[in-house]
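Results of the structural survey
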Amino acid sequence: MQSITNTPTRYGWAMIILHWLIGIIFIGQFVLGVVMVRIESQRTAFELIQLHKSFGFLLLGLIILRIAWRLGNAAPELPGSVGTLERRTAPLAHFALYAFQIALPLSGWALVSVSTLEIPTMPFNLFVIPDLPLAESDASESFWASAHWYLAYAGIALVALHIAAALRHHLLLRNTVLTRMITPSSGRE
């Protein structure tokens, strides 16, 4: 029987589902962000921006949940074949991923909060998210738009590096780093 929690050698269902769901949304958000600013139809662009904001808040909630779950469930130990340098840098890389996944939606929230357009944010048309208590101005909007853009590109570069590292472990080093994030623990391990 598979476990919802982590074991010393594998991740449990909760972390696996959160990992892949967050990863898919994060990459999807990047693609949606690139597409939505290039659409000529203002109506379609507006709808895509609202969808982008909705998934941004969903992403923020999921990453907070993942961090909380991670704090209560120790990550499995790295395989013995993983070298000292990677053992030291892996926690830093994961911290950077978490930081970008929090900073990116927060910068988007700041962006819509300072916008002089004052368009309400309604995730999936369910309820209104209040703006952050920031002063509205064109200068602030320009700053947060740039911050959001730079964070998005830096974040997707970090995700690409994360994917490359996982594939290196799986295809070249042939260890369990990737497979333990696909197949859950049995609870007996």
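Residues numbered from 1 in each chain as written. Predicted model: local features only at pLDDT ≥ 70, side-chain atom pairs only at ≥ 80, totals over all residues. Heavy atoms only, no water.

1. Topic: the environment of Ile63
- For Ile63, the position within the fold is in helix H2 (residues 42–72).
- Look at Ile63 and you get buried, because its relative accessible area is 0%.
- Spatially, the C-alpha atom of Ile63 lies 7.2 Å from that of Tyr98, the residues being 35 residues apart in sequence.
- The contacts of Ile63, once residues within four sequence positions are left out, are Ile22, Tyr98, Gln101 and Ile102. (Helix = DSSP H or I, 4+ residues; strand = E, 2+ residues; numbered from the N terminus. Buried < 20%, exposed > 50% of the residue type's maximum accessible area, 1.4 Å probe, protein only. Contact = heavy atoms within 4.5 Å.)

2. A short note on the packing of helix H1 (residues 13–36) against helix H4 (residues 138–172)
- Two elements in contact, H1 and H4, have axes separated by 11 Å at closest approach and are oriented at 135°. Here H1 is positioned oblique relative to H4, judged by the angle of their axes. Read as a crossing pair, H1 and H4 show a hand that is left-handed. Every residue of H4 that contacts H1 at His19, Phe26, Ile27, Phe30 and Val34 is listed here: Ala152, Tyr153, Gly155, Ile156, Val159, His162 and Ile163. (Axes fitted to C-alpha atoms, helices over the stretch in contact; angles between N-to-C directions. Parallel < 35°, antiparallel > 145°, perpendicular 65-115°, else oblique. Left-handed = near helix turned anticlockwise from the far one by under 90°.)

3. Some details on the packing of H2 against helix H3 (residues 84–114)
- In contact at an axis separation of 9 Å, H2 and H3 are set at 145° when each is read in the N-to-C sense. Seen from above, H2 lies across H3 with left-handed handedness. Where H2 approaches H3, its residues Lys53, Gly56, Phe57, Leu59, Leu60, Ile63, Arg66, Ile67 and Arg70 are matched on the opposing element by Tyr98, Gln101, Ile102, Pro105, Leu106, Trp109 and Val112.
- Tallied by class, residues from the contact of H2 with H3 come to eleven nonpolar, two polar and three charged. (Nonpolar A, V, L, I, M, F, W, Y, C, P; charged D, E, K, R; others polar.)

4. Here we look at the environment of Asn6
- With respect to the secondary-structure elements, Asn6 resides in the segment before H1.
- Through-space distance from the C-alpha of Asn6 to that of Arg38 is 42 Å; in sequence the pair is 32 residues apart.
- Those residues in contact with Asn6 that sit more than four places away from it in its chain are Tyr11, Gly12, Met15, Asn73, Ala74, Ala75 and Pro76.
- In terms of polar contacts, Asn6 uses its side chain to reach the backbone amide nitrogen of Gly12, at 2.9 Å.
- A distance of 3.2 Å separates a polar side-chain atom of Asn6 from the backbone oxygen of Ala74. (Polar contact = N/O pair within 3.5 Å; in protein donor to acceptor, adjacent residues only side chain to side chain.)

5. Structural notes on the packing of aromatic side chains
- Here the structure, examined in full by the defined rule, presents six aromatic pairs.
- Ring geometry for Phe55 versus Phe124: centroids 5.1 Å apart, planes at 90°, classification edge-to-face. On the criterion of sequence distance, the pair formed by Phe55 in helix H2 and Phe124 in the loop between H3 and H4 is long-range, its members being 69 residues apart.
- Between Phe57 and Trp109, the ring centres sit 5.1 Å apart and the planes meet at 75°, which makes this aromatic pair edge-to-face. Within this pair, whereas Phe57 is found in helix H2, its partner Trp109 is found in helix H3, the two being separated by 52 residues in sequence. (Phe/Tyr/Trp six-rings, centres within 6.5 Å; stacked < 30°, edge-to-face > 60°.)

6. Concerning the pattern of salt bridges
- All told, the structure shown has two salt bridges when counted by the stated rule.
- The residue Arg43 makes a salt bridge to Glu47 at a minimum N-O spacing of 3.5 Å. Within this pair, Arg43 and its partner Glu47 are both found in helix H2, separated by four residues, close to a single helical turn.
- According to the relative accessible area criterion, Arg43 is exposed, its value standing at 62%.
- Owing to a relative accessible area of 41%, Glu47 belongs among the partly exposed residues under this scheme. (Salt bridge = Lys/Arg side-chain N within 4 Å of Asp/Glu carboxyl O.)

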